[in-house]
Amino acid sequence: MTIEIHDLSKQFGSFTALNDINLKVNPGELLALLGPSGSGKTTLLRVIAGLETADSGQVLFNQEDSTDKHIRDRHVGFVFQHYALFRNMTIFENVAFGLRVRPRKQRPSAREINRRVTELLQLVQLDWLADRYPHQLSGGQRQRIALARALAVEPSVLLLDEPFGALDAKVRKELRAWLRKLHDDMHITSVFVTHDQEETLEVADRIVVMNRGRIEQIGTPDEVYEKPANPFVYEFLGHVNLFHGRVHQGHAWIGDLEVDAPEYSEAEDLNAIAYVRPHDLEVDRTLNGEPALAAHIVHILAIGPVVRLELAGKDNQSANSIYAEISKERFRELQLARGDQVFIKPRKLDLFPNHTQNGSIH
Amino acid sequence: MTAIPLPQASPAPHKVVTQESPWARWILILLALSFLSLFLLLPLVAVFFEALRKGWEVYLAAITEPDALAAIRLTLIAAAIAVPLNLIFGIAAAWAIAKFEFRGKSILTSLIDLPFSVSPVVAGLIYVLIFGLQSWIGPWLREHDLSIIFAVPGIVLATIFVTVPFIARELIPLMQAQGSEEEEAAIILGANGWQTLWYITLPNIKWGLLYGTILCNARAMGEFGAVSVVSGHIRGLTNTLSLHVEILYNEYNFVAAFAVASLLALLALITLVLKTLVEARVAQQTSRGNHP
């Protein structure tokens, strides 16, 4: 099933939830809608499901316009953040519901329903809970039942609204890997909404980054992480250091540090923001003859294979603390301690001169 | 293994700061109890005492004489029409208010409360003004030989009016707390409107619905003011139980008055017991499923 979305817009009073959204979901892919709260991602998902109607624009399922199609005829599976299990029914009845409410002609026999539900409960590894009620289950179990219930009607699209948002960190991690595996086995076109960037990077085939009702960037996790389209995406995905500097005729300056910026050869003395990922910062005790920024160590977090340094810059090129990540070996080699003076130099940075900045962050 | 003494297990008589002194507690309890006995329990006992003062035979005769039976019948008819109608209206109104956003929602919510805030006598008078002979609809009614005021339809109308809020008021907060995600899930799974109502919404609100119905029924059978205005007090025809009590009392027929009143008191007691039983289930249904 291909889902195409053309020029979709939606207002809630004076609030613009969706602003001219264009998007294509490829068959069998697991697409993530990522964004902060209020970015319109849940609204977009609900419009695809048919739970909300857009003010303008179209949603096409396999090139067929379904804007006016009733929810029932869209054949979507929907998983809610708070599960929305039927509290007055057993787990078995919950999963069987979608089959039982079918018109008599399309309804499978009682035996067939029994078989299908048992199969699904085995798929989510909870067949031993068939006779319980939703309130007797843990959050993680409930969400797996919600997924089984959605899959029972054999939907052509699976939509998940912050499926792991209400779960604790450990369960969330387990379910994430489980969902990825399930999707790899079933290959059902899936769209899920989340505000957790780690979750997205780990699970999704492609990511749609949303902000204020607009799409900021669409790409694979690698593309979005390595080549963010704009400052908003940069800041939203993963940790990042922000430096203030200037760009002039193909060169950029951050304090004493000079970097080549050939793509801005036309620039005439512009203010610019530079982003550097913590693992792209080189840390050294001496200058080594090359220009670098001076900083001192405020805090050291040395758990696991990566050592995380919190640094304070000497000048005001960076308003906030600077974070650098170095390997444990490098950390031992340098013999760093709190309060030490170091020199930092970005291995890779991305410049955004102020006039091209399209998503404001601060 | 040595046991580590828990702090609360120590017998040291330290003062619990969040509790009043025993004296204050006892005085408060005593005050509440004596108030309740004086104003509620005593009258209730008095009703049964007065009713049975001249023995069972007189009591039974008072509640089985034709006028009393007619009053019982009329009360049951009024309740049997008003309660189901309010059941349907209550569910519809609560569904609309709790699950949808629409213009004039707050007006509808206040309108439902109107019978609580308006004096029942005024409600009765409104019906007299609308359907009475002097009203603009009056001549038409007389032409077609229809009587609403001083007849059974008027009593049913007045009963419906005063009992409108009970079921809707009970269901709105319950439905709001439960949200509409379950209904959305049902519709996405292919259920139609009736299936969603029957399998999802109604089971989720059944205890609240029963609770509201019990209160609605109690009020429908016990209503006096509004019914009194539209009834016309025709013995054996337009007298409900509460109106019958008044008539008997005004005729100094105290034993009969109290005997009929005891039926209403009995109804109140049964309502109270049912209400207490159902209340616990309502609380359970509200909390269930709302917490992960």
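Just above, that's the structure.
Basis of the calculations
- Residues numbered from 1 in each chain as written.
- Chains lettered and ligands numbered in written order.
- Predicted model: local features only at pLDDT ≥ 70, side-chain atom pairs only at ≥ 80, totals over all residues.
- Heavy atoms only, no water.
- Helix = DSSP H or I, 4+ residues; strand = E, 2+ residues; numbered from the N terminus.
- Buried < 20%, exposed > 50% of the residue type's maximum accessible area, 1.4 Å probe, protein only.
- Contact = heavy atoms within 4.5 Å.
- Areas by Shrake-Rupley, 256 points an atom, 1.4 Å probe, with all protein chains shown as cover.
- Lys, Arg positive; Asp, Glu negative; His and termini not counted.
- Charge placed at Lys NZ, Arg CZ, Asp CG, Glu CD.
- Axes fitted to C-alpha atoms, helices over the stretch in contact; angles between N-to-C directions.
- Parallel < 35°, antiparallel > 145°, perpendicular 65-115°, else oblique.
- Left-handed = near helix turned anticlockwise from the far one by under 90°.
- Nonpolar A, V, L, I, M, F, W, Y, C, P; charged D, E, K, R; others polar.
- 1 Å grid on protein atoms, 1.4 Å probe; cavity = no way out; pocket = protein on both sides within 12 Å on 5 of 7 lines; lining within 4 Å.
- Points joined across faces, edges and corners; volume = space filled by probe spheres on them.
- Pairing = 2+ DSSP bridges.
- Buried area = accessible area lost by both parts, 1.4 Å probe.
- Salt bridge = Lys/Arg side-chain N within 4 Å of Asp/Glu carboxyl O.
- Phe/Tyr/Trp six-rings, centres within 6.5 Å; stacked < 30°, edge-to-face > 60°.
- Expected span 1.5 Å × (residues − 1).
- Arc of directions from axis to C-beta.

(A) Inspection of the overall build of chain A at higher detail. Of the regular secondary structure elements, chain A holds nine helices and 20 strands. In terms of its C-alpha atoms, chain A occupies a principal-axis envelope of roughly 80 × 45 × 35 Å. Here chain A, with 362 residues, has 51% of them falling under the buried criterion. Considering only contacts in chain A between residues 6 or more positions apart, those separated by 24 or more positions represent 67%. Approximately 16900 Å² of chain A is accessible, and the part contributed by carbon and sulfur atoms is 47%. Counting 42 positive and 50 negative side-chain charges, chain A places the centres of these two groups 10 Å from one another.

(B) Up close: the packing of helix α2 (residues 91-100) of chain A against helix α3 (residues 110-123) of chain A. All names here are of chain A. Orientation of α2 relative to α3, taken along the N-to-C sense of each, is 125 degrees, at an axis distance of 10 Å. Relative to α3, the element α2 lies oblique. Helix-helix and strand crossings are classified by hand; for α2 and α3 the assignment is right-handed. Two secondary-structure elements touch here, α2 through Ile91, Phe92, Val95, Ala96, Leu99 and Arg100 and α3 through Ile113, Asn114, Arg116, Val117, Thr118, Leu120 and Leu121. The residue inventory of the contact of α2 with α3, partitioned by class, reads nine nonpolar, two polar and two charged.

(C) Representation of empty space enclosed by the protein. Using the criterion set out here, one finds three cavities of 30 Å³ or more in the structure. A volume near 50 Å³ is recorded for the largest cavity. Along the walls of the largest cavity sit Val79, Gln143, Arg144, Leu147, Leu160, Pro163, Phe164, Leu175, Trp178 and Leu179 of chain A, which together make up its complete lining. Here the lining of the largest cavity is composed, by residue class, of eight nonpolar, one polar and one charged. Estimated volume of the second largest cavity: approximately 40 Å³. Around the second largest cavity, the lining residues are Gly77, Phe78, Arg149 and Ala150 of chain A together with Ala185, Ile188 and Leu189 of chain B. For the lining of the second largest cavity, the secondary-structure elements that each account for two or more residues are β6 (76-79) and α4 (139-152) of chain A together with α8 (181-188) of chain B. When its residues are assigned to classes, the lining of the second largest cavity shows five nonpolar, one polar and one charged.

(D) Representation of the pairing of strand β13 (residues 257-260) of chain A in the model. Residues and elements named next belong to chain A. Examined bridge by bridge, strand β12 (residues 251-254) and β13 share four bridges and lie antiparallel to one another. Across the sheet, residue Ala252 finds its bridge partner in β13, namely Val259. Counted between consecutive antiparallel strands, the loop separating β12 from β13 contains two residues, among which Gly255 sits at a positive phi close to 60 degrees.

(E) Seen up close, the interface of chain A and chain B. On the side of chain B, 24 residues touch chain A, which itself brings 24 residues to the contact. When the two sides are added together, the surface that chain A and chain B hide from each other amounts to roughly 2200 Å², 61% of it contributed by carbon and sulfur. The interface formed by chain A and chain B contains two salt bridges. Close ionic contact of Arg87 of chain A with Glu182 of chain B constitutes a salt bridge, the shortest N to O distance being 2.7 Å.

(F) Representation of the sheet that holds strand β7 (residues 157-161) of chain A. Residue and element names in this part refer to chain A. The six strands are arranged β6-β7-β8-β3-β9-β10 in an open sheet whose pairing can be described as mixed. The open sheet terminates on both sides in strands that have one partner only, identified here as β6 and β10 (214-219). Here the strands of the sheet are splayed against their neighbours by 15 degrees on average, with no regard to which way each runs. In the sheet, strand β3 (residues 30-34) pairs with strand β9 (residues 206-211) via four bridges, with the strands oriented parallel. Each residue of the ladder has a partner; that of Leu31, found in β9, is Arg206.

(G) Representation of the packing of aromatic side chains within the structure. One pass over the structure, following the stated rule, counts 14 aromatic pairs over all chains. Seen in terms of ring centroids, Phe232 of chain A and Phe236 of chain A are 5.6 Å apart; in terms of plane orientation they differ by 10 degrees. Their pairing is stacked. Here Phe232 of chain A pairs with Phe236 of chain A, and both are found in helix α8 (residues 231-236), just four residues apart, close to one helical turn. The exposure class of Phe232 of chain A is buried, given its relative accessible area of 7%. When its relative accessible area of 16% is taken as the criterion, Phe236 of chain A is described as buried. With centroids separated by 6.2 Å and ring planes inclined at 10 degrees, the aromatic side chains of Tyr127 of chain B and Phe131 of chain B adopt a geometry described as stacked.

(H) Representation of helix α5 (residues 120-131) of chain B within the structure. Residue and element names in this part refer to chain B. If you check α5, its first and last C-alpha atoms are 17 Å apart, about what 12 residues at 1.5 Å a residue would give, namely 16 Å. Every buried residue belonging to α5 is among Ala123, Gly124, Tyr127 and Phe131, and all of these are buried. All buried residues of α5 fall inside an arc of 100 degrees around its axis, so they share one side. Residues of α5 that are buried in the fold lie against α6 (138-143), α7 (152-178) and α10 (225-231).

(I) How the structure looks around the environment of Ile297 of chain A. Residues and elements named next belong to chain A. Its location among the elements puts Ile297 in strand β16 (residues 293-301). Linking Ile297 and Ser321, residues 24 residues apart in sequence, is a C-alpha distance of 10.0 Å. Not counting residues up to four positions away in its chain, the partners in contact with Ile297 are Glu310, Leu311, Leu336, Ala337, Arg338, Gly339, Asp340 and Val342.

(J) Representation of the sheet that holds strand β5 (residues 64-65) of chain A within the structure. Residues and elements named next belong to chain A. Within the open sheet, the four strands sit side by side as β2-β1-β4-β5. Their pairing is antiparallel. Both outer strands of the open sheet, β2 (15-25) and β5, are each paired with one neighbouring strand and no more. As judged from the two bridges shared by strand β4 (residues 56-61) and β5, these two strands associate in the antiparallel manner. Bridging from a neighbouring strand, Leu60 pairs with Asp65 of β5. Sheet strands touched by helix α1 (residues 41-49): β1 (3-12), β2 and β4. Its angle to β1, the strand with the most contacts, is close to 120 degrees.

(K) Just α1 of chain A, in detail. Residues and elements named next belong to chain A. Of all the nine residues making up α1, eight are buried; the element is thus mostly covered by neighbouring parts of the structure. Listed in full, the buried residues belonging to α1 are Lys41, Thr43, Leu44, Leu45, Arg46, Val47, Ile48 and Ala49. Once α1 finishes, Gly50 follows within two positions and takes phi at roughly 100 degrees, a positive value.

(L) The arrangement of the pattern of salt bridges in detail. Residue and element names in this part refer to chain A. For the structure shown, the criterion picks out 32 salt bridges over all chains. Between Glu93 and Arg100 there is a salt bridge; the shortest N-O distance is 2.5 Å. When its relative accessible area of 29% is taken as the criterion, Glu93 is described as partly exposed. The structure contains a network of salt bridges with shared partners spanning Arg172, Lys173, Arg176, Asp196, Glu198 and Glu202.

(M) Geometry of the environment of Ala292 of chain A. Residues and elements named next belong to chain A. Among the structural elements, Ala292 can be located in the loop between β15 (281-284) and β16. Residues Ala292 and Ile344, 52 residues apart in the sequence, show an inter-C-alpha distance of 5.6 Å. Those residues in contact with Ala292 that lie beyond four places of it in its chain are Leu257, Leu287, Phe343, Ile344 and Lys345.

(N) The pairing of strand β8 (residues 189-194) of chain A, seen in detail. Residues and elements named next belong to chain A. Most of β8 sits out of view: six of its six residues are buried. Of the two faces of β8, the one carrying Thr189, Val191 and Val193 and the one carrying Ser190, Phe192 and Thr194 are both buried. Here five bridges tie β3 to β8, and the two strands are oriented parallel to one another. Pairing of Leu30 across the sheet is with Ser190, part of β8.

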